[in-house]
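An overview of the molecular structure
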Amino acid sequence: MTCTEVEALIHKELDGELLAGEADALREHVGTCPRCAGLRTGLHKLAATARGLAVSPTSTPDRARRVVERVTRSLRRRRQLRLALVASLAVAAGLLLLVLSTWPGAPTAKPVPPVGTPNLVQRPATGQRAPSPADFVSLSLDEGLTWVQDAWQRTQEEVTGLAQAASLPEEGAVSEGEGSWWEEVSATGDALREITREVSDRILPTEPTGPQASQRSQSRRPPLYETSDEQQNV
Amino acid sequence: MCGEGRGRFEGASGPGACRPAGRRPDQKETPTDAQLAVVSRTGDLAAFEELVTRYQRRVFGLCYRLLGRYHDAEDASQEALLRAYRSLSLYDPTRPFDRWLLTIAANCCVSMLRRRRPRTVAVAEETAEAGAREAGAANVARSPGPAEEAESREFAQAVAKAIAGLEDAFRLPLVLFHQEEMRYEDIAQALRLPLGTVKSRVHRARAQLYDQLTRAGFLKEGSQR
């Protein structure tokens with residue numbers, strides 16, 4: 001075994017990785033080689049002294065305590081910041097919901113009739129302008145259609161109820177003429193149907209194609225309450 | 001049964017997680033490092049504070065030896081403890097906590113050394129002298145004679161100075177291995193170096209120190225090459 005190989009074994013010995021066979025070879029070599037024996041002794045002394053050089057941190061208890069305090073303070077501050085962030089996000093989310101709920105045209109849980117919507121229970125006065133379909137386009141499609149259908153349903157029920165309460169004759173038995181009950185009921189019904197079509201046309205992104213679409217466009221009629229003059233001219 | 005009657009530290013595994021047989025129920029059990037680490041994961045600052053109290057001296061000592069400045073050592077040890085807290089989810093409770101923590105601390109020191117300007121000899125010697133004083137004092141306790149006392153102190157000072165004069169690439173693995181008594185695998189992880197490189201650097205650092213101290217007359221000449 002050469003001195004170079006022995007030097008490697010000495011390092012392995014200091015690393016605590018020397019195998020049993022290697023230990024025997026090392027002992028045998030250093031027993032006959034004073035230079036390698038000196039190297040081995042010197043390196044062991046060096047390693048032992050280096051180990052003893054450890055600076056004892058106990059000499060700085062105040063500094064160590066300060067480190068603990070700084071760490072825990074920093075951790076608490078992080079936690080507070082995290083809580084503040086969560087709270088800010090919650091407030092922001094609340095504000096966003098508030099803005100969305102009050103935004104014109106924003107969907108609402110219960111559709112609210114837009115300004116100018118006629119009270120369908122009341123009879124429109126002769127010559128009174130009917131609501132424009134544009135008043136309804138601020139609602140979403142589903143809301144607008146639902147509102148119109150509900151209103152129409154309620155109107156039919158209430159008109160029927162009023163007619164029964166007033167002992168009015170059936171629809172066919174009444175002579176058509178301006179100012180009669182059934183004329184106004186019928187006109188209101190027509191207006192509501194028209195509004196429904198207008199709302200659907202304006203809100204729906206695409207027009208349905210095919211025979212249904214052409215049939216629908218053909219069946220479209222001008223609004224009955226467009227102007228009071230038109231009505232008077234009919 | 002181990003799982004019965006355990007409270008705050010019931011989530012931890014490893015030695016010490018259960019109450020040892022024979023201990024009275026009213027006797028207060030000291031939680032193990034692994035138990036404290038597992039509880040700390042849930043955000044229990046008191047548990048983590050206990051771990052910090054146990055290891056802050058070792059962490060600070062390691063940082064001081066590697067960095068050589070009290071102020072930097074404070075910063076690095078604080079950073080190491082914070083990093084450890086944030087990385088608790090990665091800690092394997094079956095492994096020794098101190099090794100894991102010291103690896104993080106060494107890694108913090110390496111990062112700080114990379115950011116820092118080239119180390120001056122004066123700063124390095126500050127650590128060396130402090131270490132040599134303590135080593136000399138420790139050796140004195142073992143050495144009865146005044147001549148041996150002086151020789152031991154002088155040799156310790158020479159070793160400390162020689163270590164401080166090494167390049168960081170060699171000094172760090174040597175300090176971690178011989179002074180912190182860390183395993184090669186942990187040093188490799190902390191320094192982000194291959195295992196073979198770490199071993200090679202420690203060996204070369206020893207050889208350099210031996211050459212230097214031999215030339216200075218502190219060691220008898222032997223064959224290095």
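Residues numbered from 1 in each chain as written. Chains lettered and ligands numbered in written order. Predicted model: local features only at pLDDT ≥ 70, side-chain atom pairs only at ≥ 80, totals over all residues. Heavy atoms only, no water.

Quick look at the overall build of chain B now. Broken down by element type, chain B carries nine helices and zero strands. Seen in sequence order, chain B has helices and strands lined up from the N terminus as α-α-α-α-α-α-α-α-α. Looking at chain B residue by residue over its 225 residues, the buried ones come to 52%. In chain B, the share of contacts with a sequence separation of at least 24, taken over all contacts with a separation of at least 6, comes to 61%. For chain B, the computed accessible surface area is about 11100 Å², with 50% contributed by carbon and sulfur atoms. (Helix = DSSP H or I, 4+ residues; strand = E, 2+ residues; numbered from the N terminus. Buried < 20%, exposed > 50% of the residue type's maximum accessible area, 1.4 Å probe, protein only. Contact = heavy atoms within 4.5 Å. Areas by Shrake-Rupley, 256 points an atom, 1.4 Å probe, with all protein chains shown as cover.)

The secondary structure content of chain A amounts to eight helices and zero strands. Secondary structure elements in chain A, listed N-terminal to C-terminal, are α-α-α-α-α-α-α-α. In chain A, buried positions account for 30% of the 234 residues. Relative to all contacts within chain A whose residues are 6 or more apart in sequence, the contacts with residues 24 or more apart total 64%. When the accessible surface of chain A is totalled, it reaches about 15000 Å², and 56% of it is carbon and sulfur.

The next point concerns the packing of aromatic side chains. The tally for this structure, following the rule as stated, stands at 10 aromatic pairs over all chains. Centre to centre, the rings of F177(B) and Y184(B) are 4.4 Å apart; their planes meet at 10 degrees, and the pair counts as stacked. Taken individually, F177(B) and Y184(B) each receive the classification buried, so the pair is uniform in this respect. Ring-pair connections join several aromatic residues into one group, and the members of that group are Y55(B), Y91(B), F97(B) and W100(B). A cation over an aromatic ring shows up here: K45(A) above the ring of F155(B), its NZ or CZ 4.4 Å from the ring centre. (Phe/Tyr/Trp six-rings, centres within 6.5 Å; stacked < 30°, edge-to-face > 60°. Lys NZ or Arg CZ within 6 Å of the ring centre and 35° of its normal.)

What follows deals with the pattern of salt bridges. Residue and element names in this part refer to chain B. Summed over all chains, the structure comprises 17 salt bridges over all chains. Between E50 and R54 there is a salt bridge, with its nearest N and O atoms 3.1 Å apart. Taken together, the residues span about one helical turn, with E50 and R54 both in helix α2 (residues 45-67) at a distance of four residues. Residues D186 and R99 are paired through a salt bridge, measuring 2.8 Å at the closest nitrogen-oxygen approach. In this pair, D186 is assigned in helix α8 (residues 184-191) and R99 in helix α4 (residues 97-115), connecting sequence segments 87 residues apart. Residue D186 is classed as buried on the basis of its relative accessible area of 2%. Given a relative accessible area of 22%, R99 falls into the partly exposed group. Several salt bridges share partner residues, and in doing so they unite R95, R99, R183 and D186 into one network. (Salt bridge = Lys/Arg side-chain N within 4 Å of Asp/Glu carboxyl O.)

Residue and element names in this part refer to chain B. Looking at where C108 falls in the secondary structure, it is placed in helix α4. Among the residues examined, C108 registers a relative accessible area of 3% and is labelled buried. Expressed as a C-alpha distance, the spacing of C108 and Q78, which sit 30 residues apart in the sequence, is 9.6 Å. C108 has contacts with A76, E79, A80 and R83, leaving out every residue within four places of it along the chain.

Counting residues in each nonpolar core, the largest one holds 81 residues, and the members touching the most others are L62(B) and F97(B). Beyond its immediate sequence surroundings of up to four residues, L62(B) is in contact with L102(B), A105(B), A106(B), C109(B), L176(B), E180(B) and M182(B). (Core = buried A, V, L, I, M, F, W, Y, C linked by side-chain atoms within 4.5 Å.)

Glancing now at the packing of helix α7 (residues 168-179) of chain B against α8(B). All names here are of chain B. At a closest axis distance of 10 Å, the pairing of α7 and α8 adopts a crossing angle of 140 degrees. When the interaxial angle is binned, α7 and α8 end up oblique. With respect to the hand of their crossing, α7 and α8 are arranged in right-handed fashion. Of the residues in α8, those touching α7 at L172, P173, L176 and F177 are Y184, I187 and L191. (Axes fitted to C-alpha atoms, helices over the stretch in contact; angles between N-to-C directions. Parallel < 35°, antiparallel > 145°, perpendicular 65-115°, else oblique. Left-handed = near helix turned anticlockwise from the far one by under 90°.)

The next point concerns a positive patch on the surface. A cluster of like positive charges, contributed by R73(A), R76(A), R77(A), R78(A), R79(A) and R82(A), occupies part of the molecular surface. Turning to its location among the elements, R76(A) is positioned in helix α4 (residues 61-102). (Patch = residues over 30% accessible without salt bridge, like charges linked within 9 Å, V, L, I, M, F, W, Y side chains within 5 Å. Lys, Arg positive; Asp, Glu negative; His and termini not counted. Charge placed at Lys NZ, Arg CZ, Asp CG, Glu CD.)

Moving on to the side chain of Q179(B). Following the sequence through the fold, Q179(B) ends up in helix α7. Within the local environment of Q179(B), its side chain forms a polar contact with the backbone oxygen of A50(A), the two atoms lying 3.3 Å apart. Each residue touching Q179(B), except ones within four places of it in the same chain, is listed here: A50(A), L53(A), R65(B), I163(B) and L174(B). (Polar contact = N/O pair within 3.5 Å; in protein donor to acceptor, adjacent residues only side chain to side chain.)

The subject of this paragraph is the state of the cysteines. All names here are of chain B. With the rule as written, the count across this model stands at zero disulfides over all chains. C108 forms no disulfide, and the closest cysteine sulfur to it belongs to C109, at a distance of 6.8 Å. Free cysteine C109: the closest other cysteine sulfur is in C63, separated by 3.5 Å. (Disulfide = S-S within 2.5 Å.)

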